[in-house]
Amino acid sequence: MTTHSFTLIVEGVDINDPDVFDALYEAGCDDATIGTTAGIPVMDFDREAASFYEAISSAIADAESVDGLRVVRIADLDLVSMSEIAARIGRSRECVRLWVNGKRGPGGFPAPLNSPHDRYRFWRWSDVEGWLRGVLGGEPWSSRDHLRAAINAALELRHHFRQLDPKDRPDLRTLAGPALGG
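Here's a quick rundown of the structure. Just so we're clear, the structure is a prediction, and the values are computed from it rather than from any experiment.

1. Regarding a nonpolar patch on the surface
Stage number 1. Where nonpolar side chains cluster on the molecular surface, the patch consists of Leu79, Leu113, Tyr120 and Phe122 and spans about 430 Å² of accessible area.
Stage number 2. Tracing the sequence through the fold places Leu113 in the loop between helix 4 (93-100) and strand 6 (123-124).
Stage number 3. Under the relative-accessibility criterion, Leu113 is labelled partly exposed at 44%.

Pasting the structure below:
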C-alpha cells in the first residue's frame, strides 16, 4: 500500500461542528485533517490505498456518507492567470501574453476557460502545462494528472446535474464519446 496525499474541498455542513467532526471520524476519515482554509472547508488526506484512484474514491465515499456533506473537488493549483503562468515557469508575463496571442511560439495556446473578451482570463494549468511541455520539452502528463482532472470534471458534472430538474437532465454520454460508452 502507498500513502496518497490530497485535499478535498467540501460543502453542505459545518465541518468545524464537533458532531460533524465525530461523524467524519466514524465514517473512516481518521486519516484526514479537517478544517477551514480562508473560510473554505477542506479535508487534507494521507490515505493508504493500492492506487491514487482508490484513495480518492474511498475518501469521497467516506466523507459523503456523513449526512449533508458533499465533495466539491480535489484541490489543485489548476486555475491560472497569465501572471501565475509566468511565475510558475520563470518567464515574464509579456512572454506568456505573446504565446497566448499567437505572436510567439508555435501557436495553439490553450483557450481560456472564461470569455476571451474578458479583461482577465484564466486557463486550466493542466492544459497550459501540456502545451508548454510540447513547446519547451519535458515529461508528458502523468496518468495521475489526467485522473485528477477527470475526477474533478466528474464532480463538477455531478454538481450541475443536481441543479437541473430531473426531467431536463440530458444523456451526456454521447458528448463524452467512447470514453464513457457513448
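2. Some points on the nonpolar core
Stage number 1. Judged by nonpolar contacts, the single largest core of 24 residues is most densely connected at Phe6, Leu8, Leu24, Met43, Phe45, Leu69 and Val71.
Stage number 2. Of all elements in the fold, only strand 1 (2-11), helix 1 (18-26), strand 2 (32-37), strand 3 (40-49), helix 2 (52-64), strand 4 (70-74) and helix 6 (143-163) reach the threshold of two or more residues within this core.
Stage number 3. Once you skip the residues sitting within four places of it in the chain, Met43 turns out to touch Phe6, Thr7, Leu8, Val10, Leu24, Cys29, Ala32, Thr33, Ile34 and Ala63.
Stage number 4. Ala86, Val96, Trp125 and Val128 belong to the second-largest nonpolar core, a separate cluster that totals 14 residues.

3. Points about the pairing of strand 2
Stage number 1. Of the pairings in the sheet, the one linking strand 2 to strand 3 comprises six bridges and is antiparallel in character. Bridging from a neighbouring strand, Thr36 pairs with Pro41 of strand 3.
Stage number 2. Hairpin geometry of strand 2 and strand 3 is characterised by an intervening segment of two residues between the two adjacent antiparallel strands and by a positive phi of about 55° at Ala38.

4. Considering the packing of helix 3 (residues 82-89) against helix 5 (residues 125-136)
Stage number 1. For the pair helix 3 and helix 5, interaxial distance at closest approach is 12 Å and the crossing angle is 50°. Accordingly, the angle class assigned to the pair helix 3 and helix 5 is oblique. Where helix 3 crosses over helix 5, the handedness of that crossing is right-handed. Of the residues in helix 5, those in contact with Ile85, Arg88 and Ile89 of helix 3 are Trp125, Val128 and Leu132.
Stage number 2. When grouped by side-chain class, the residues that make up the contact of helix 3 with helix 5 number five nonpolar, no polar and one charged.

Rules and cut-offs
Residues numbered from 1 in each chain as written. Predicted model: local features only at pLDDT ≥ 70, side-chain atom pairs only at ≥ 80, totals over all residues. Heavy atoms only, no water. Patch = residues over 30% accessible without salt bridge, like charges linked within 9 Å, V, L, I, M, F, W, Y side chains within 5 Å. Areas by Shrake-Rupley, 256 points an atom, 1.4 Å probe, with all protein chains shown as cover. Salt bridge = Lys/Arg side-chain N within 4 Å of Asp/Glu carboxyl O. Helix = DSSP H or I, 4+ residues; strand = E, 2+ residues; numbered from the N terminus. Buried < 20%, exposed > 50% of the residue type's maximum accessible area, 1.4 Å probe, protein only. Core = buried A, V, L, I, M, F, W, Y, C linked by side-chain atoms within 4.5 Å. Contact = heavy atoms within 4.5 Å. Pairing = 2+ DSSP bridges. Axes fitted to C-alpha atoms, helices over the stretch in contact; angles between N-to-C directions. Parallel < 35°, antiparallel > 145°, perpendicular 65-115°, else oblique. Left-handed = near helix turned anticlockwise from the far one by under 90°. Nonpolar A, V, L, I, M, F, W, Y, C, P; charged D, E, K, R; others polar.

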